[in-house]
Amino acid sequence: MQMKYSDLINKWLVLLLALLILNACSSPMRRVAAPANLQASAEIPGMPGVRYSPVRAKDIEAMTKEGMDAFHKEKAYLESNGHQGPLPPANFLAVSGGGDDGAFGAGLLNGWTASGTRPEFKLVTGVSTGALIAPFAFLGPKYDHILREVYTQVTPKDIAEARGVLAAVFDDAMADNSPLLSLIKKHVNQQMLDAIAAEYAKGRLLLVGTTNLDTRLPVIWNLTKIAASKDPKALELFQRLMIASASIPGAFPPAMIDVEAGGVPYQEMHVDGGATSQVFVYPPSLNIKKFSESQGVQRERKLYIIRNARLDPDWASVERKTLSIVQRAISSLIQTQGVGDLYRIYATAKKDGLDYNLAFIPVSFDTPHKEEFGTEYMRSLYGVAYKMAEAGYPWQKTPPGYIVPADKALGGDQ
């Protein structure tokens, strides 16, 4: 049968439209990544030494030196203010990932303030939603109102905007997290960076974690050093790293970080720190106890971990459908990884003589989770955590499921 001219035109129009759609939806471009042999030497232009890979020997040495420098800064600051005698207790805070469950950490910190017992932290670390909380926790109670606002008043549209279905094939994420970046920029400004830099001079440290997808390695960023660099690009990098640590792969776009290696510019792709670790304090190979003994330092050290998640089994009847099975498996993987992190940190704390304290979402919390970053859910979780902390949070002294050996229990293991 001979094709009509109008039919031919229609087919060409359909083909042209398809080509236009494909062209408009072409994948986002990126600068080439540093080759494998240059990864270890890649640095942020103008801000060398502001990050560490906890699996590289030279970076462990750099982190050890940073810790030593922080000790000497703290000692000098205390002496300049007339302090004499033993050093005061050193308090460490680690805030985990957890998405909108970060409302638990925000509520706990603010309730802790209300109890009158919240200490100043020498070290604060954060991953994912914990990285959004960490800078405000680091600066103390005067920033509590921001945590309350962010975790009780935002709505899903303040976090991300959904993209079309073709984003799964032609884009770098299913949603655009520009709203979250705008929220970060609203609260994280130069004044805040200057305040963080001032604390760095006193020997305090603020670290957040991301995952370098090119290397599949965790990266620990020294936000205090970035803030103190006075580099004109410091504020933008600080903000970008906060959103990078919370960029859930596939859901939110990765953060592209410009680096240099051998004088050549490259670009790295960084995503949620939770892709490699749900929570961290410092690499186990950093032997704090050995360093303290070499300096003749004896001081009390307390570690507080806020795990923005439930740790009890989460039963559900899983549909026999591909998406349901995959989602359930990934959720299980994240929960298991998070528990494993708590055990790893516990072993490190015991080795270095840190008093281990763990907080997590209680079994009794039962507000329905209807949508991601739902205001009703976050307000309820924030309120529960606030009340628990205000009354004196019952910190758990061991990871979930850990049974203290009988000989340790009799000796009052803490």
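Residues numbered from 1 in each chain as written. Predicted model: local features only at pLDDT ≥ 70, side-chain atom pairs only at ≥ 80, totals over all residues. Heavy atoms only, no water.

Regarding the packing of helix H8 (residues 190-200) against helix H10 (residues 234-245)
Okay, step 1: The contact between H8 and H10 brings their axes to 10 Å, and the two run at 90°. Taken together, the axes of H8 and H10 are roughly perpendicular relative to one another. Across the interface between the two elements, Gln-190, Leu-193 and Ile-196 from H8 touch Ala-234, Leu-235 and Phe-238 from H10.
Okay, step 2: In the contact of H8 with H10, the residues fall into 5 nonpolar, 1 polar and no charged. (Axes fitted to C-alpha atoms, helices over the stretch in contact; angles between N-to-C directions. Helix = DSSP H or I, 4+ residues; strand = E, 2+ residues; numbered from the N terminus. Parallel < 35°, antiparallel > 145°, perpendicular 65-115°, else oblique. Contact = heavy atoms within 4.5 Å. Nonpolar A, V, L, I, M, F, W, Y, C, P; charged D, E, K, R; others polar.)

Remarks on the confidence of the model for the chain
Okay, step 1: Taken over all residues, the pLDDT of the chain has a mean of 89, while the share at 70 or more is 91%.
Okay, step 2: Here residues 1-6 is a poorly scored stretch, pLDDT under 50, and it has 2 contacts once near neighbours within four places are set aside; other chains count.
Okay, step 3: Across residues 410-414, where pLDDT falls below 50, the model places 7 contacts with residues more than four positions away in sequence or in other chains. (pLDDT = per-residue confidence, 0-100.)

Overview of unusual backbone geometry
Okay, step 1: Unusually for a residue other than glycine, Ser-128 sits at a positive phi of about 60°.
Okay, step 2: Within the secondary structure layout, Ser-128 lies in the loop between strand S3 (123-127) and helix H4 (129-139).
Okay, step 3: Ser-128 sits in the buried class, given a relative accessible area of 6%. (Buried < 20%, exposed > 50% of the residue type's maximum accessible area, 1.4 Å probe, protein only.)

A look at the layout of surface pockets
Okay, step 1: A volume near 500 Å³ is recorded for the second largest pocket.
Okay, step 2: Along the walls of the second largest pocket sit 27 residues, with Met-63, Gly-67, Met-68, Leu-286 and Ile-288 positioned nearest its centre.
Okay, step 3: If you list the elements that add at least two residues to the lining of the second largest pocket, you get helix H2 (57-80), strand S2 (90-95), strand S6 (205-212) and helix H11 (288-294).
Okay, step 4: Among the elements that make up the lining of the second largest pocket, the one with the highest residue count is H2 (8 residues).
Okay, step 5: Of the residues contributing to the lining of the second largest pocket, the split by class is 15 nonpolar, 6 polar and 6 charged. (1 Å grid on protein atoms, 1.4 Å probe; cavity = no way out; pocket = protein on both sides within 12 Å on 5 of 7 lines; lining within 4 Å. Points joined across faces, edges and corners; volume = space filled by probe spheres on them.)

A closer look at the pairing of strand S8 (residues 255-261)
Okay, step 1: In terms of burial, S8 is largely enclosed, as 5 of its 7 residues are buried.
Okay, step 2: Note that S8 and strand S9 (residues 264-272) share 7 bridges and pair antiparallel. Considered in S9, the bridge of Ile-257 is made with Glu-268.
Okay, step 3: As consecutive antiparallel partners, S8 and S9 are separated by 2 residues, and within that stretch Gly-262 has a phi angle of approximately 65°, a positive value. (Pairing = 2+ DSSP bridges.)

Focus: the packing of aromatic side chains
Okay, step 1: For the coordinates displayed, the defined rule picks out 12 aromatic pairs.
Okay, step 2: Where Trp-112 meets Tyr-304, the ring centres are 5.0 Å apart and the plane angle is 70°; that geometry is what we call edge-to-face. You can see Trp-112 sitting in helix H3 (residues 102-115) and its partner Tyr-304 sitting in strand S10 (residues 301-310), a full 192 residues away along the chain.
Okay, step 3: Classification of Trp-112 by relative accessible area gives buried; the value is 5%.
Okay, step 4: Look at Tyr-304 and you get buried, because its relative accessible area is 10%.
Okay, step 5: Grouped by ring-pair contacts, the aromatic residues Trp-112, Phe-121, Tyr-304, Tyr-393 and Trp-395 constitute a single cluster.
Okay, step 6: If you follow Lys-73 out to its NZ or CZ, it ends over the ring of Tyr-200, 3.5 Å from the centre.
Okay, step 7: Of note, Arg-204 hangs over the ring of Phe-138, and the distance from its end group to the ring centre comes to 4.1 Å. (Phe/Tyr/Trp six-rings, centres within 6.5 Å; stacked < 30°, edge-to-face > 60°. Lys NZ or Arg CZ within 6 Å of the ring centre and 35° of its normal.)

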